[in-house]
Amino acid sequence: MSQAIVFAETGGPEVLRLQNAEIGPPGPGQARVRHTAIGVNFIDTYQRSGLYPLPLPSGLGSEAAGVVEAVGEGVAGIAPGDRVAYAGGPLGAYSTERLIAAEHLVKLPDGVSDETAACAMLQGMTVEYRRRRRRRRPDRAAVAVGDGRPRHRHRGL
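Residues numbered from 1 in each chain as written. Predicted model: local features only at pLDDT ≥ 70, side-chain atom pairs only at ≥ 80, totals over all residues. Heavy atoms only, no water.

## Overview of the overall build of the protein
Turning to step 1, where the next piece is worked out: Per the secondary structure count, the protein includes two helices and 10 strands.
Turning to step 2, where the next piece is worked out: The linear arrangement of helices and strands in the protein, starting from the amino end, is β-β-β-α-β-β-β-β-β-α-β-β.
Turning to step 3, where the next piece is worked out: Residue burial in the protein is summarised as follows: out of 157 residues, 34% are buried.
Turning to step 4, where the next piece is worked out: When contacts within the protein are restricted to residue pairs at least 6 apart in sequence, those whose partners lie at least 24 apart make up 64%.
Turning to step 5, where the next piece is worked out: Surface exposure of the protein reaches about 9500 Å², of which carbon and sulfur atoms provide 55%. (Helix = DSSP H or I, 4+ residues; strand = E, 2+ residues; numbered from the N terminus. Buried < 20%, exposed > 50% of the residue type's maximum accessible area, 1.4 Å probe, protein only. Contact = heavy atoms within 4.5 Å. Areas by Shrake-Rupley, 256 points an atom, 1.4 Å probe, with all protein chains shown as cover.)

Right, dumping it as structure tokens:
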């Protein structure tokens, strides 16, 4: 039986509850992932406290790494036994296993630990966005280089 941390009311850490969860087989386009590491992010506290309202009851966490246990119909490129990580999708990473759309999964290379992958996916997406996808403005660089040390520049982000 799987377990998940959920909350039915907003508040401090005392509202979090560990519950048993029945995880069924993956549906079309889904994978069942057994988590080996999860990312804990500051936004989780905002969601739990009610600062960022969620429908309740709710799970927490949007970032994790683990092993694919099963895949649903139509899933290609991911197979049982693959080590994967994800960031995004519905909340629920604070769990021992879950169903998630396979399109959110990224296979992990052997040189990347599950712990590193679980906490780096969101930060990596932020860097990719800041470097490549935001509108280019020469006067507003996301990373400034001056004395040889890259620094994050908040102005204009």
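Still to come is the rest of the account.
## Section: the nonpolar core
Turning to step 1, where the next piece is worked out: Counting residues in hydrophobic clusters, the biggest one holds 12 residues: Ala-31, Val-33, Ala-64, Val-68, Val-75, Ile-78, Val-84, Tyr-86, Ala-93, Ile-100, Ala-102 and Leu-105.
Turning to step 2, where the next piece is worked out: For this core, the elements supplying multiple residues, two or more each, are strand E3 (30-38), strand E5 (63-71) and strand E6 (83-87).
Turning to step 3, where the next piece is worked out: Among all residues touching Ile-78, those that are not within four sequence positions of it are Val-68, Val-71, Val-84, Leu-105 and Lys-107.
Turning to step 4, where the next piece is worked out: Of all hydrophobic cores here, the second largest spans eight residues; its members include Ala-65, Ala-87, Ala-118 and Met-121. (Core = buried A, V, L, I, M, F, W, Y, C linked by side-chain atoms within 4.5 Å.)

## Section: the packing of aromatic side chains
Turning to step 1, where the next piece is worked out: Here the structure, examined in full by the defined rule, presents two aromatic pairs.
Turning to step 2, where the next piece is worked out: Site record: aromatic cluster; members linked through ring pairs are Phe-42, Tyr-46 and Tyr-52. (Phe/Tyr/Trp six-rings, centres within 6.5 Å; stacked < 30°, edge-to-face > 60°.)

## Comments concerning the pattern of salt bridges
Turning to step 1, where the next piece is worked out: Within this structure, the stated rule accounts for four salt bridges.
Turning to step 2, where the next piece is worked out: Among the ionic pairs, Glu-97 bridges to Arg-32, the shortest N-O distance being 3.2 Å. Highlighted residues: Glu-97 in strand E7 (residues 97-101) and Arg-32 in strand E3, separated in sequence by 65 residues.
Turning to step 3, where the next piece is worked out: Between Asp-114 and Arg-83 there is a salt bridge whose closest N-O contact spans 2.7 Å. Of this pair, Asp-114 sits in helix H2 (residues 114-133) while Arg-83 sits in strand E6; the two residues are 31 residues apart in sequence, bridging distant segments of the chain. (Salt bridge = Lys/Arg side-chain N within 4 Å of Asp/Glu carboxyl O.)

## Some details on the sheet that holds strand E8 (residues 106-107)
Turning to step 1, where the next piece is worked out: Spatially, E7-E3-E5-E6-E8 is the arrangement adopted by the five strands of the open sheet, whose pairing is antiparallel. Two strands in the sheet have a free side with no partner beyond their single neighbour: E7 and E8.
Turning to step 2, where the next piece is worked out: Two strands pair when backbone bridges link them, and E6 and E8 are joined in this way by two bridges, in the antiparallel orientation. The residue of E8 that forms the bridge with Ala-85 is Val-106. (Pairing = 2+ DSSP bridges.)

## With respect to the confidence of the model for the protein
Turning to step 1, where the next piece is worked out: On average, residues of the protein carry a pLDDT of 87, and 84% of them reach 70 or more.
Turning to step 2, where the next piece is worked out: Taken together, the stretch residues 153-157 has pLDDT below 50 and engages in 12 contacts with residues farther than four places along the chain or on a different chain. (pLDDT = per-residue confidence, 0-100.)

## Some points on a nonpolar patch on the surface
Turning to step 1, where the next piece is worked out: Together, Ile-43, Leu-51 and Tyr-52 make up a nonpolar patch on the protein surface, roughly 280 Å² of accessible area in all.
Turning to step 2, where the next piece is worked out: Position of Ile-43 relative to the elements: it lies in helix H1 (residues 42-49).
Turning to step 3, where the next piece is worked out: In this structure Ile-43 comes out as partly exposed when scored by relative accessible area, which is 34%. (Patch = residues over 30% accessible without salt bridge, like charges linked within 9 Å, V, L, I, M, F, W, Y side chains within 5 Å.)

## Structural notes on H1
Turning to step 1, where the next piece is worked out: Of all the residues in H1, the buried ones are Asp-44, Gln-47 and Arg-48. Projected down its long axis, H1 carries its buried residues within an arc of 95°, all on one side.
Turning to step 2, where the next piece is worked out: Looking one or two residues beyond H1, the residue adopting positive phi is Gly-50, at roughly 100°. (Arc of directions from axis to C-beta.)

## Regarding the environment of Leu-105
Turning to step 1, where the next piece is worked out: Inspection of the secondary structure puts Leu-105 in the loop between E7 and E8.
Turning to step 2, where the next piece is worked out: It is 9.5 Å that separates the C-alpha atoms of Leu-105 and Arg-83, two residues lying 22 residues apart in sequence.
Turning to step 3, where the next piece is worked out: Beyond its immediate sequence surroundings of up to four residues, Leu-105 is in contact with Ala-31, Val-33, Val-68, Ile-78, Val-84, Ala-85, Tyr-86 and Ile-100.

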